[in-house]
Amino acid sequence: MTIEEKLKHFQDICMEDARERSNRMLDDYMKALEKTFEEHKQAEKKNADLQVKMETEKLEREINKKLSIEQLDLRREAGHRQDELKDKLFVELRDYLANFMETEEYEKFLERQVQWAKEFAGDEAFTIYMDPSDAERARRISLYMGVAIRISDYSFLGGIRAVIPGRHILIDNSFQTRLEEARHNFKFELGGKGSE
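Conventions and cut-offs
Residues numbered from 1 in each chain as written. Predicted model: local features only at pLDDT ≥ 70, side-chain atom pairs only at ≥ 80, totals over all residues. Heavy atoms only, no water. Helix = DSSP H or I, 4+ residues; strand = E, 2+ residues; numbered from the N terminus. Buried < 20%, exposed > 50% of the residue type's maximum accessible area, 1.4 Å probe, protein only. Pairing = 2+ DSSP bridges. Axes fitted to C-alpha atoms, helices over the stretch in contact; angles between N-to-C directions. Contact = heavy atoms within 4.5 Å. Core = buried A, V, L, I, M, F, W, Y, C linked by side-chain atoms within 4.5 Å.

If you look the chain up in an unreviewed UniProt entry, it shows as V-type ATP synthase subunit E from Candidatus Enterocloster faecavium.

**Topic: the environment of Glu102**
The topology assignment puts Glu102 in the loop between α2 (56-100) and α3 (104-121). Judged by its relative accessible area of 66%, Glu102 falls in the exposed class. Residues Glu102 and Leu67 lie 35 residues apart in sequence; the distance between their C-alpha atoms is 53 Å.

**Observations concerning the sheet that holds strand β4 (residues 169-174)**
Taking strand neighbours across the sheet as the criterion, the 4 strands line up as β2-β1-β3-β4 in an open arrangement whose pairing is mixed. Each edge of the open sheet carries a strand with a single partner, namely β2 (149-151) and β4. Neighbour to neighbour, the strand axes of the sheet diverge by 20 degrees on average, direction disregarded. In this sheet, strand β3 (residues 159-164) lies alongside strand β1 (residues 127-130) in antiparallel orientation, the contact comprising 4 bridges. The residue of β3 that forms the bridge with Tyr129 is Arg161. Across the sheet, helix α4 (residues 135-145) is in contact with β1 and β2; its angle to β2 comes to roughly 170 degrees. Of the strands in this sheet, β3 and β4 are in contact with helix α5 (residues 175-185), which crosses β4 at around 80 degrees.

**Details of the nonpolar core**
With 38 residues, the main nonpolar core has Phe109, Val114, Ile128, Met130 and Ile149 as its most contacted residues. Counting residues per element, the ones that place at least two in this core are α1 (3-49), α2, α3, β1, α4, β3 and α5. When residues of this core are assigned to their parent elements, the largest contribution, 8 residues, is made by α1. Aside from chain neighbours lying at most four places away, what touches Met130 is Leu110, Val114, Ala138, Ile141, Ile149, Arg150, Ile151, Ser152, Phe156, Gly159 and Ile160.

Structure (structure tokens):
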């Protein structure tokens, strides 16, 4: 298994585990909200049954209005909860990446990324950038591979970026970009009752 496959497998396992935990937490939260909602509906129905027959239609309209508002509030609350869980998930993912960056596998990953960029550029002039936190690694990889590597003026959380000016190409294999893409594309898949 290659490092990319291991990294992909590691990322898939982390994402699946985090997704499962967040889905379980969200399902538990939704069940509790649905139970509260059902108790509220029953109480409102009992109150409506006690009213005078002429007031029944009026009360039913008010109850339906209240239920609609509560459903909107519940959905809003569920949305806020999803955002909180998503934030926690991506904090954990950053921790996993930080731990990965402390391994030899990460340096090998960087070497493969540099080699790929070098091969992709072919005879074209190119510039490779590494994160400031990888300055020592950049020096070793530069000497080992015979490629000039610049240290970026700002952090992009690891990985590499490469520019091939002659072809107007930016290769962005930075962890920051990968995390932003993952966060943008991430959606909770609700398996519980009431999911849309």
